[in-house]
Amino acid sequence: MNRTAKTKALGALALTAVLGLTACGGDISSASPASGSAANCGTFNLAVNPWVGYEADAYVVGTLAKEKLGCTVNYKTLKEEVAWQGFGSGEVDAVIENWGHPDLTEKYITQQKTAVDAGLTGNTGVIGWFVPPWMAKQYPDITDSKNLNKYADLFKTSESGGQGQLLDGDPSFVTNDEALVKNLGLNFKVVYAGSEPALIQAFRQAEQNHTPLIGYFYDPQWFMAEVPLVKVNLPAYTDGCDADAAKVACDYPKYDLNKIASTKFANSGSPAYQLVKKFSWTNQDQNTVAGYIARDGMTPEAAAKKWIDANPDKAAAWLK
Amino acid sequence: MSTMATDCDRVDTAAIPPGGARERASEPATRPPTGGPRAFTRRHWRSLVGAAVVAAWLVLWALLRGTQTLELGGAEKTDVHVWFNGLRDGFDAARANSAFFEYVVQPITNGLNGTVAFLQHLASQPSVGRPVPEVGWLGVVVLLAWLTFTFAGVRLMLLVAACVLLFGFFGYWQQSIDTLIVTFVAVLVCVLLGLPLGILTARNARVAAVVTPVLDLMQTLPSFAYLAPLALVFGIGPAAAIVTTVIYSLPPLVRITEHGIRNVSPVTLEAVASMGGTAWQTLAKVELPMARRTIVVGVNQCTMAALSMATIATLINGPGLGGPVLQALQSLDVGSAFVSGLAIVLMAIMLDRTTTAASERSGIEARVQRGTGPAGLRGARGRRAAVVIGAVLTAVAVYLSRTYLALAKFPPSPDLGTPLAKAVSAATAWAVGTLSGFTGWLKDAVTAVLVNPLESLLAQSPWWVMALVLLGVALALGRWRTALVTLACEAVILGTGLWNESMKTLATTLVATLLVVVAAVAVGVLMGRSRLVDSIVRPVLDAFQTIPPFVYLVPALALFGPTRFTAIAAALAYGVPIATKLVADGIRGVSPVAVEASESMGTTTWQMVSKVQLPMARAAVVLAANQGLLYVLAMVVVGGLVGGGGLGYLVVSGFSQGQLFGKGLAAGIAITALGIMLDRIAQHAAARFGSA
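Residues numbered from 1 in each chain as written. Chains lettered and ligands numbered in written order. Predicted model: local features only at pLDDT ≥ 70, side-chain atom pairs only at ≥ 80, totals over all residues. Heavy atoms only, no water.

## Observations regarding the overall build of chain B
Alright, step 1. Along chain B, the regular secondary structure elements total 33 helices and 0 strands.
Alright, step 2. When its C-alpha atoms are laid out on the principal axes, chain B stretches across 90 × 65 × 65 Å.
Alright, step 3. A burial count over chain B gives 50% of its 692 residues as buried.
Alright, step 4. Taking all contacts inside chain B whose residues are at least 6 apart in sequence as the whole, residues at least 24 apart take part in 81%. (Helix = DSSP H or I, 4+ residues; strand = E, 2+ residues; numbered from the N terminus. Buried < 20%, exposed > 50% of the residue type's maximum accessible area, 1.4 Å probe, protein only. Contact = heavy atoms within 4.5 Å.)

In structure tokens, the structure reads:
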């Protein structure tokens, strides 16, 4: 008996407390969700490929779409391959930084017609072999691939079995490095670091401790702002010199990075598609935002906002 | 083995001194009493086969090194790989207009996505027309605390409340609740599928024969290998993430349920049958209640496995804590990766303790209801009142958190995450700076002494030599059936076209397993002999078993660079805990009589460990080696991310590059074949040498 009475008393007390509190302000019904002016945007599914430079692009475009166009932006963290798969099913509307990928282009744009090219991002992608800056300074002629054999001994590691080590990295990128080493007659062995973090960490320590390292890398990349790696020149790229992957003996081509959108999204009349299409900026812009994220530890949203606030004219041009 | 056998004999003589000693004295060193070379051969044919195999292998390796190794270049593909690619493309093309997709896959996908979205709007993400979820953080915390109190008691309620609040203070409130939701739905699906399947396999040998190898495959095929096609089938998002999780976490539940049902006493079953119970009655009234404790253990293991998939599922946009882990990895932010990984560890501890306690309590309650329990009626009534009060409080908290923004959105301060992340980053930087000289030396030494020679021996031998050697090992350690399994697995590996890469992976796996056993014995003996050491080390081991490996990849890279040794180090971090625990339990299980007896004879600590405790705990050490091996193998793919090369790298690149999908899948299959082969050989070896 006693217990039930206590329960009731407690309940009553709690209820009074609730009623008392309701009288105060700050409840949720008065804080309405952010409402955009252009309500016709709807949802915008933006793929986020897992590298920081891409995040910079995606969150700048996404933030503008959300705040200026009133879109509901869904960021979807996906590898390139999976992101392209999502065009057909409507799960992905846009990929905002695409590095070539002729096989995916062929399959999804030409054959399935589920995706369209949405123009260039303005960024130029450079792929190639790089050495840490201290090496370029100490051995100035190392940046010519003809001299690499002279330095092969420097690059020996526990993994390279007596030859020089050429550190390949991110499994997402197509490399011809095994063929290149063979066809250029280099006394090197390709060793797979296995992931971008592994590659960056290796270069970071090579510069810090002044240990020799040569490896596959690319720009734009936030790490370039921290350690400006120096490119090693392979025989210059000419059209078609990489046509036969087994015989390739020339440098990688420059990539003009572009944007890909799903066909459905392109035809939907969404203002977000116009934004994606018009979006274009420089390598330096991207590295700035990527640096905010990777070096300064800002959230991608905050980094994007900071850049947009500092560059209102560029942003305005994409929204026209 | 021969030294071990004599050690064992010595223990026996120590335990029973007079008779044994006399027997041994009268029967000197040459043990086989009925001498002669033929008897020797019969007795030791296994060792002879082993020695002959090794000798022939070394000779052939020296002669034929580097020929017929079946090496395949990085971008080269075989017909099988191309065929897998075609299969995937066919899948992709069929999905738009296939009845199967429309009427089977689509409803499953929508159902899973709908359930997750419903729960998310309820508790973690802004609901329609609201800037916040239907129930805010206060409501969620109180609700979870109340549920824990009801099912598991006061102490765990405090644990759960503390953990859930920490998720918020770390700055990962929404991601943590998302992970909780995904894990909950995945475990629910597992229970719905796994319980009936477990019961069926326990009762029907034919079903068991089909199901068991499928479970093997589900547990050993790396999820990286089928992640992309799963996203193709179930779409990008929660549904595919849940299916991935279910594939990995269903097997333990089915296996443990099967085990539980099988172990219901046959006497009881006979009694029920004699009383005329129907099959259904037997199941519902006898078998399931009697196996309940075991089944809850199965659910517990299933939950842990589901949680370990949290990071992987993020790669196909599964919601949850994996997101911040991977995000931090991209910018090499060790601190943030650690904090989000710590949230996963806390969640594992919380769920583990709660499910365990709930199972124990439900046992007590069943006894209380029958009136045989110690607590009596007063305790039960008091608890019921507390539960009711809790329900009212929960309702109030839910209402409040629906109404006030401050109680709905987790407050940004106190922020424990940022300072913790900074501290961890600083500590890591310091440790790397201090240790990197030593670790570099260690890496070079182990690589030169163990990894390189073994890899050369395994991967540079012609393929047919290696195939015969493995068969010979299987015969020497196991039975003819082990050899048959080995043969089948070899055929599969050859079929994948990745023989050379498989042998490289085998080499690093064997080195890692060796190091796991050495470390496990060293630490396990200390833990087994001292309660204090045990209580200090065990939580560390627990943490390493549950923290996502992605968290410690960056420090490992900083210490060892992208090398095969880094892959081995990552495998050690994952494999040592389980093996150490097994060794510690084995040492503790050594009969105290034997220990006292040898103590009374004045043995030193070293003699005690090496001559008494370790030999007597031999079964545990062998089991630890077997489990260590499997855990090491589970890390092959993660090893591929940090320079391990071999099959692991191929699986990763297959996930990352469309053209290499088939090759990656083939590499996954090769890992599975390697795993099954090693497991069977180790199991039979364990059965033979562990029980001696």
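## Some details on the packing of helix α25 (residues 531–546) of chain B against helix α27 (residues 564–588) of chain B
For any two helices packed against each other, one specifies the inter-axial angle together with the distance between the axes.
All names here are of chain B.
Alright, step 1. Packing of α25 against α27 leaves a shortest axis separation of 9 Å and a crossing angle of 150 degrees. Comparing their axes, α27 and α25 come out roughly antiparallel. The two elements α25 and α27 meet at a crossing, and its hand is left-handed. Contact residues: α25 offers R531, D534, R538, L541, D542, F544 and Q545, while α27 offers A573, Y574, P577, I578, T580, K581, A584, D585 and R588.
Alright, step 2. Of the residues that constitute the contact of α25 with α27, the class distribution is 7 nonpolar, 2 polar and 7 charged. (Axes fitted to C-alpha atoms, helices over the stretch in contact; angles between N-to-C directions. Parallel < 35°, antiparallel > 145°, perpendicular 65-115°, else oblique. Left-handed = near helix turned anticlockwise from the far one by under 90°. Nonpolar A, V, L, I, M, F, W, Y, C, P; charged D, E, K, R; others polar.)

## Quick look at the interface of chain A and chain B
It is common to give the size of an interface as the accessible area that goes away when the parts come together.
Alright, step 1. Contacts between the two partners involve 61 residues from chain A and, on the opposite side, 61 residues from chain B.
Alright, step 2. Across the chain A/chain B interface, buried area totals approximately 4900 Å², and carbon plus sulfur atoms make up 59% of it.
Alright, step 3. One can count 3 salt bridges joining chain A with chain B.
Alright, step 4. Here A:E81 makes a salt bridge to B:R88, at a shortest N to O gap of 3.1 Å.
Alright, step 5. At the junction of chain A with chain B, the criterion picks out 12 residue pairs in polar contact (both at pLDDT 80 or more).
Alright, step 6. Of all the elements in the fold, those that place two or more residues in the side of chain A that touches chain B are α1 (2–22), α2 (52–69), β2 (72–77), α3 (80–89), α4 (102–111), α7 (196–209) and α11 (283–294) of chain A.
Alright, step 7. Split into classes, the residues belonging to the side of chain A that touches chain B amount to 31 nonpolar, 17 polar and 13 charged. (Buried area = accessible area lost by both parts, 1.4 Å probe. Salt bridge = Lys/Arg side-chain N within 4 Å of Asp/Glu carboxyl O. Polar contact = N/O pair within 3.5 Å; in protein donor to acceptor, adjacent residues only side chain to side chain.)

## Some points on the pairing of strand β4 (residues 115–131) of chain A
All names here are of chain A.
Alright, step 1. When β4 meets strand β9 (residues 255–262), the two strands line up antiparallel, connected through 6 bridges. Bridge pairing links T124 to D256 in β9.
Alright, step 2. Pairing of β4 with strand β7 (residues 215–219), which is carried by 5 bridges, proceeds in the antiparallel orientation. Bridge assignment links G128 to a residue of β7, and that residue is F217. (Pairing = 2+ DSSP bridges.)

## Quick look at helix α11 (residues 224–234) of chain B
Alright, step 1. Counted residue by residue, α11(B) has 11 buried out of 11 residues, so it is predominantly covered.
Alright, step 2. Immediately downstream of α11(B), the backbone of B:G235 shows phi near 80 degrees, a positive value.

## A look at the state of the cysteines
Alright, step 1. Scanning all chains against the criterion turns up 2 disulfides over all chains.
Alright, step 2. Each sulfur of the disulfide joining A:C41 and A:C71 lies 1.9 Å from the other. Between A:C41 and A:C71 the disulfide shows an S-S torsion of about 95 degrees. By sign, it is right-handed. With A:C41 in the loop between α1 and β1 (43–48) and A:C71 in the loop between α2 and β2, this residue pair connects regions lying 30 residues apart in the sequence. When sorted by exposure, A:C41 lands in the same class as A:C71, which is buried.
Alright, step 3. In this model, A:C241 is linked to A:C250 through a disulfide, with the two sulfur atoms separated by 1.9 Å. Measuring the twist about the S-S bond at about 85 degrees, one finds the A:C241-A:C250 disulfide to be right-handed.
Alright, step 4. Sequential numbering of the bridged cysteines in chain A gives the disulfide pattern 1-2, 3-4.
Alright, step 5. The thiol of B:C190 is unpaired, and the distance to the nearest cysteine sulfur, on B:C302, comes to 3.6 Å.
Alright, step 6. Exposure remark for B:C190: the relative accessible area of 0% places this residue in the buried category. (Disulfide = S-S within 2.5 Å.)

## Some remarks on the UniProt feature "domain: ABC transmembrane type-1" (unreviewed entry) in chain B
All names here are of chain B.
Alright, step 1. Mapped onto this numbering, the UniProt entry annotates "domain: ABC transmembrane type-1" (unreviewed entry) at residues 176–355 and 502–682.
Alright, step 2. The span residues 176–355 is 86% helix and 0% strand, and its two end C-alpha atoms sit 18 Å from each other.
Alright, step 3. Measuring from the first to the last C-alpha atom of residues 502–682 gives 18 Å, for a span that is 86% helix and 0% strand. (UniProt positions renumbered as here; feature names shortened; annotations may be inferred.)

## Regarding the nonpolar core
Alright, step 1. Within the largest apolar cluster, 265 residues are counted, with the highest numbers of intra-cluster contacts made by A:F44, A:V60, A:W129, A:F188, A:I214, A:F217 and B:F550.
Alright, step 2. Sort the elements by how many residues they give to this core and α27(B) lands first, with 13 residues.
Alright, step 3. With near-sequence residues (within four places) excluded, A:F188 lies in contact with A:L148, A:N149, A:A152, A:F155, A:Q163, A:G164, A:Q165, A:L166, A:V181 and A:I214.
Alright, step 4. With 7 residues, the next largest nonpolar core counts B:A202, B:I261, B:V264 and B:A291 among its residues. (Core = buried A, V, L, I, M, F, W, Y, C linked by side-chain atoms within 4.5 Å.)

## Quick notes on the UniProt feature "domain: ABC-type glycine betaine transport system substrate-binding" (unreviewed entry) in chain A
Alright, step 1. The sites that carry the UniProt feature "domain: ABC-type glycine betaine transport system substrate-binding" (unreviewed entry) are, in the present numbering, residues 45–309 of chain A.
Alright, step 2. The span residues 45–309 of chain A is 39% helix and 22% strand, and its two end C-alpha atoms sit 24 Å from each other.

## What to know about the confidence of the model for chain A
All names here are of chain A.
Alright, step 1. Here chain A shows a mean pLDDT of 86. Residues at 70 or above account for 88%.
Alright, step 2. Contacts for the low-pLDDT stretch residues 1–25, under 50 throughout, to residues beyond four places or in other chains number 17 contacts.
Alright, step 3. With pLDDT under 50 throughout, residues 30–38 is counted as low confidence; its partners more than four residues away or in other chains account for 9 contacts. (pLDDT = per-residue confidence, 0-100.)

## A word on the pattern of salt bridges
Side chains that differ in charge, positive against negative, can pair when their charged atoms come close.
Alright, step 1. For the coordinates displayed, the defined rule picks out 26 salt bridges over all chains.
Alright, step 2. A:K305 is the salt-bridge partner of A:E67, the closest N and O atoms lying 3.5 Å from each other. Highlighted residues: A:E67 in helix α2 and A:K305 in helix α12 (residues 300–310), separated in sequence by 238 residues.
Alright, step 3. We note a salt bridge from A:K156 to A:D153, for which the minimum N-O separation is 3.9 Å.
Alright, step 4. Put simply, A:E81, A:K107, B:R88 and B:D89 are held in one network by salt bridges that share partners.

## A look at the packing of aromatic side chains
Alright, step 1. Counted according to the given criterion, the structure contains 36 aromatic pairs over all chains.
Alright, step 2. Cation over ring: A:K306 sits above A:Y292, and NZ or CZ is 4.2 Å from the ring centre. (Phe/Tyr/Trp six-rings, centres within 6.5 Å; stacked < 30°, edge-to-face > 60°. Lys NZ or Arg CZ within 6 Å of the ring centre and 35° of its normal.)

## Thoughts on the side chain of B:E455
All names here are of chain B.
Alright, step 1. Considering the arrangement of structural elements, one finds E455 in helix α21 (residues 417–459).
Alright, step 2. Residue classification places E455 among the buried positions, given a relative accessible area of 14%.
Alright, step 3. Excluding residues within four positions of it along the chain, E455 makes contact with Q460, K504, A507 and R564.

## Description of the environment of B:N263
Alright, step 1. Looking at the element boundaries, B:N263 is found in the loop between α12 (238–262) and α13 (266–274).
Alright, step 2. Spatially, the C-alpha atom of B:N263 lies 9.1 Å from that of B:M290, the residues being 27 residues apart in sequence.

## Here we look at unusual backbone geometry
Alright, step 1. Following A:D219, the chain continues into A:P220 via a peptide bond in cis, with omega recorded as 5 degrees.
Alright, step 2. Tracing the backbone through its elements, the reader meets A:P220 in the loop between β7 and α8 (223–226).
Alright, step 3. Between B:S413 and the following residue, B:P414, the backbone shows a cis peptide bond with an omega angle of 5 degrees.
Alright, step 4. Note that B:P414 resides in the loop between α20 (405–408) and α21.
Alright, step 5. The backbone phi angle of A:H210 is positive, close to 55 degrees, even though this residue is not glycine.
Alright, step 6. Take A:H210: it is sitting in the loop between α7 and β7.
Alright, step 7. Unlike most non-glycine residues, B:L332 shows phi in positive territory, near 55 degrees.
Alright, step 8. Looking at where B:L332 falls in the secondary structure, it is placed in the loop between α17 (322–330) and α18 (334–369).

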